[in-house]
Amino acid sequence: MLTREHNDLICRVGAETPMGKALRRYWVPVLQSSDLPAPDCDPFPLEVFGDRFVAFRNSEGMVGILDEHCCHRLVSLVIGRCEGNGIRCLFHGWKFGVDGTVMETPNVPDPTFKTRIRAKAYPVRERGGLIWAYLGPGELEPAFPHYPWFDVPASNRINAYAVDNCNYVQVFEALVDSSHLNILHTDGLMASKKLENLNFAAAADMASDAGPRIEVDDTDFGFQYAALRGGEQPGQDTHVRITAITAPFFVANPNEDLWMCVVPINDYQCVHFHVFFHPERRMNEEPLRSNMLKHVGLDDEALRNFNMTYDTVGEPGAPSRRNHYHQNRASLKQGKFSGFHSFTQEDGAVVLSAGAIKDRTKEILAPADAAVMRYYRMLIQIARSGAAGETPMGVDADPRQIFGRNATLSHGVDWRTLVPKHHVTNRWRAARETEAVHA
Ligand SMILES: [Fe+2]
């Protein structure tokens, strides 16, 4: 459990909050490239950390992210015209470049006027199928991180995201919760076992053991946790699944083929980005692409049916307690475990059902939740850095040195030998963590 103060500290992301200040110090993905599909396409009404922006792609294909409202009379640029390498406000025709340069002010005769003003624009990069932004103080902009999957060809990578109608912390914590996989997702894992050429075969291997031993280490980039199955007796092998979490909300999975992150839209909604990748498999080509997305419930139809897209989230009839979150109750009687479409909808339903911002003063955590508690504590530490004006952990991390691992080890071999480049700063055992939780 957490105190109410700590729960607020980690969940609230507005510009004046400690966590909001900290989160603005990182480079974060805010859209997929496909959200701005062509030069001069429709601008995107973007919201990140509770602040509103307009994202647009100019005539040369460059992406700009500006404060949403025109710096003249504050009309939204979401309804602006994208033309001539800029975005033009409808009200008086002021036109802005991707870097905030004021290109034209047709209602101002003085030609030097526009050189004296500037729109608020943010640093943007486009890599790995994602549009990244840095939304913090300009003088504190960190180096842009290079993720290993940037180097995988687009044919071998799938980008997909789901929009969740609840706070980001409860969406993320399900990603560091190995023990729910065999339970909530039991139907999907069984189906995964039958599929070849998808990224799930390795995860499906451990579907039979719902009670892994969890060991968690603090690292200089965030933390890592190992879910250990078997290996307690001499001569027995241990199945190890290591997940690496880079502050504040980036996950490298054990199979080294999925990277995820959960970016707050505001305190009550977030975007769960997924990047599936493989060095050899051309998974972004049909039919692999559709098979993959459908299997995990990230195809457009499944997302829309569960109101997990930007244009359907929270609309009337969306999943709620009144409609059992769109659960198929009849299917439970026919042998299904969850009654939800697939992984994405199962996770979406359970985290949404906890409320818009989960009340962590009421949680009773168990040893299997050691990584969840570690995540809460990492967030508290990050927020404190934000409050103190210090650089939060992970800002300078090099993602090329941070990995998950899925492996089998002989009895007695330390799982940390699988990730020798991770710099461990503190070792926590599950039991100790649980004691700390209840202290
Ligand atoms: Fe899950």
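Structural data are supplied above this passage.
The rules behind the values
Residues numbered from 1 in each chain as written. Predicted model: local features only at pLDDT ≥ 70, side-chain atom pairs only at ≥ 80, totals over all residues. Heavy atoms only, no water. 1 Å grid on protein atoms, 1.4 Å probe; cavity = no way out; pocket = protein on both sides within 12 Å on 5 of 7 lines; lining within 4 Å. Points joined across faces, edges and corners; volume = space filled by probe spheres on them. Nonpolar A, V, L, I, M, F, W, Y, C, P; charged D, E, K, R; others polar. Helix = DSSP H or I, 4+ residues; strand = E, 2+ residues; numbered from the N terminus. Contact = heavy atoms within 4.5 Å. Donors = N, O, S within 2.8 Å, 3.2 Å for Na, K, Ca; no water. Tetrahedral: all angles 85-135°; square planar, octahedral: opposite > 155°, others 65-115°. Buried < 20%, exposed > 50% of the residue type's maximum accessible area, 1.4 Å probe, protein only. Phe/Tyr/Trp six-rings, centres within 6.5 Å; stacked < 30°, edge-to-face > 60°. Pairing = 2+ DSSP bridges. Axes fitted to C-alpha atoms, helices over the stretch in contact; angles between N-to-C directions. Salt bridge = Lys/Arg side-chain N within 4 Å of Asp/Glu carboxyl O.

**Student:** I tried to follow empty space enclosed by the protein on my own but got confused; where do I start?
**Tutor:** If you roll a probe as big as a water molecule over the atoms, it shows you where there is empty space left. If you walk through the whole model with that rule in mind, you get four cavities of 30 Å³ or more. What the second largest cavity holds in volume is close to 120 Å³. Forming the boundary of the second largest cavity are 13 residues, of which Pro145, Tyr147, Phe250, Gly394 and Val395 lie nearest the centre. When grouped by side-chain class, the residues that make up the lining of the second largest cavity number eleven nonpolar, two polar and no charged.

**Student:** Is there a simple way to explain the environment of Thr186 in this structure?
**Tutor:** For Thr186, the position within the fold is in helix 5 (residues 186-193). With 152 residues separating them in the primary sequence, Thr186 and Ser338 have C-alpha atoms 8.4 Å apart. Beyond its immediate sequence surroundings of up to four residues, Thr186 is in contact with Leu181 and Phe337.

**Student:** Explain the coordination of the iron ion to me, please; I cannot follow it from the model alone.
**Tutor:** Only His180 (NE2), His185 (NE2), Asp347 (OD) and Asp347 (OD) from the protein coordinate the iron ion, and they sit 2.0 to 2.4 Å from it. Metal-centred angles of 57 to 157 degrees between the four donor atoms at the iron ion mark the site as irregular. Of the residues examined, His180 reaches a relative accessible area of 14% and is grouped as buried.

**Student:** Would you mind showing me how to read the layout of surface pockets here?
**Tutor:** For the largest pocket, the calculated volume is near 430 Å³. In this structure, the largest pocket is lined by 23 residues; those nearest its centre are Gln32, Ser34, Asp35, Tyr161 and Asp300. Only strand 11 (157-164), helix 7 (288-296) and helix 8 (300-305) provide two or more residues apiece to the lining of the largest pocket. In terms of residues, the lining of the largest pocket owes the most to one element, strand 11, which gives five residues. The class makeup of the residues in the lining of the largest pocket is nine nonpolar, seven polar and seven charged. As a volume, the second largest pocket reaches approximately 290 Å³.

**Student:** How do you make sense of the packing of aromatic side chains when you look at a structure like this?
**Tutor:** Geometry of an aromatic ring pair is reported as the spacing of the ring centres plus the angle between the planes. Applying the stated rule across the entire model yields 25 aromatic pairs. For the pair Trp132 and Phe144, a centre-to-centre distance of 5.6 Å together with 85 degrees between the ring planes defines the contact as edge-to-face. You can see Trp132 sitting in strand 10 (residues 130-134) and its partner Phe144 sitting in the loop between strand 10 and strand 11, a full twelve residues away along the chain. On the basis of relative accessibility, which here comes to 0%, the residue Trp132 falls in the buried class. Aromatic pair Tyr147 and Trp149: ring centres 5.4 Å apart, planes at 25 degrees, arrangement stacked. Grouping aromatic residues by their ring pairs yields a cluster made of Trp27, Trp132, Tyr134, Phe144, Tyr147, Trp149, Phe150, Tyr168, Phe249, Phe250 and Trp259.

**Student:** What's the story with the sheet that holds strand 3 (residues 51-57) in this structure? I'm lost.
**Tutor:** Either a parallel or an antiparallel arrangement is found when strands of a sheet pair, and the pairing is made through backbone hydrogen bonds. Taken together, the three strands give an open sheet; going across it, the order is 2-3-4, and neighbouring strands pair in antiparallel fashion. Taken across any chain shown, the strands that pair with only one partner, and hence form the sheet edges, are strand 2 (44-48) and strand 4 (63-67). Each neighbouring strand pair of the sheet contributes to a mean axis angle of 35 degrees, computed without reference to strand direction. Where strand 3 and strand 4 come together, five bridges link them in antiparallel fashion. Bridging across to strand 4, Arg57 finds its partner in Val63.

**Student:** Where do I start with the pairing of strand 14 (residues 238-246) in this structure?
**Tutor:** Every regular strand shows the same layout, with side chains that alternate between the two sheet faces. Counting buried residues in strand 14 gives nine out of nine residues, a clear majority hidden from the surface. Here strand 13 (residues 222-229) runs beside strand 14; their pairing, made up of eight bridges, is antiparallel. Bridged to Tyr225 within strand 14 is Thr243. The pairing of strand 14 with strand 18 (residues 405-409) spans five bridges and is antiparallel. Within the sheet, the bridge partner assigned to Arg241 lies in strand 18 and is Asn406. Looking at chain direction, strand 14 and strand 15 (residues 250-252) are connected through three bridges and run antiparallel. For Thr246, the partnering residue across the bridge sits in strand 15 and is Phe250.

**Student:** So what exactly am I meant to see when it comes to the environment of Leu189 here?
**Tutor:** Locating Leu189 in the fold gives a position in helix 5. A sequence separation of 30 residues divides Leu189 from Asn159, and the C-alpha atoms of the two residues are 21 Å apart.

**Student:** Is there a simple way to think about the pattern of salt bridges in this case?
**Tutor:** Across all of its chains, the model carries 28 salt bridges by this definition. Arg416 is paired through a salt bridge with Asp217; the nearest N and O atoms lie 2.6 Å apart. Taken together, the positions of Arg416 in the loop between strand 18 and strand 19 (424-429) and Asp217 in strand 12 (residues 213-219) put the pair 199 residues apart, joining distant regions of the chain. Taking relative accessible area as the criterion, Arg416 reaches 13% and is therefore assigned buried. The exposure class assigned to Asp217 is buried, which follows from its relative accessible area of 0%. Residue Glu363 is joined to Lys358 by a salt bridge in which the shortest nitrogen-to-oxygen separation is 2.4 Å. The pair formed by Glu363 and Lys358 is uniform in burial state, with each residue classed as buried. Residues joined in a network through salt bridges with shared partners are Arg81, Glu83, Arg88, Lys95 and Glu104.

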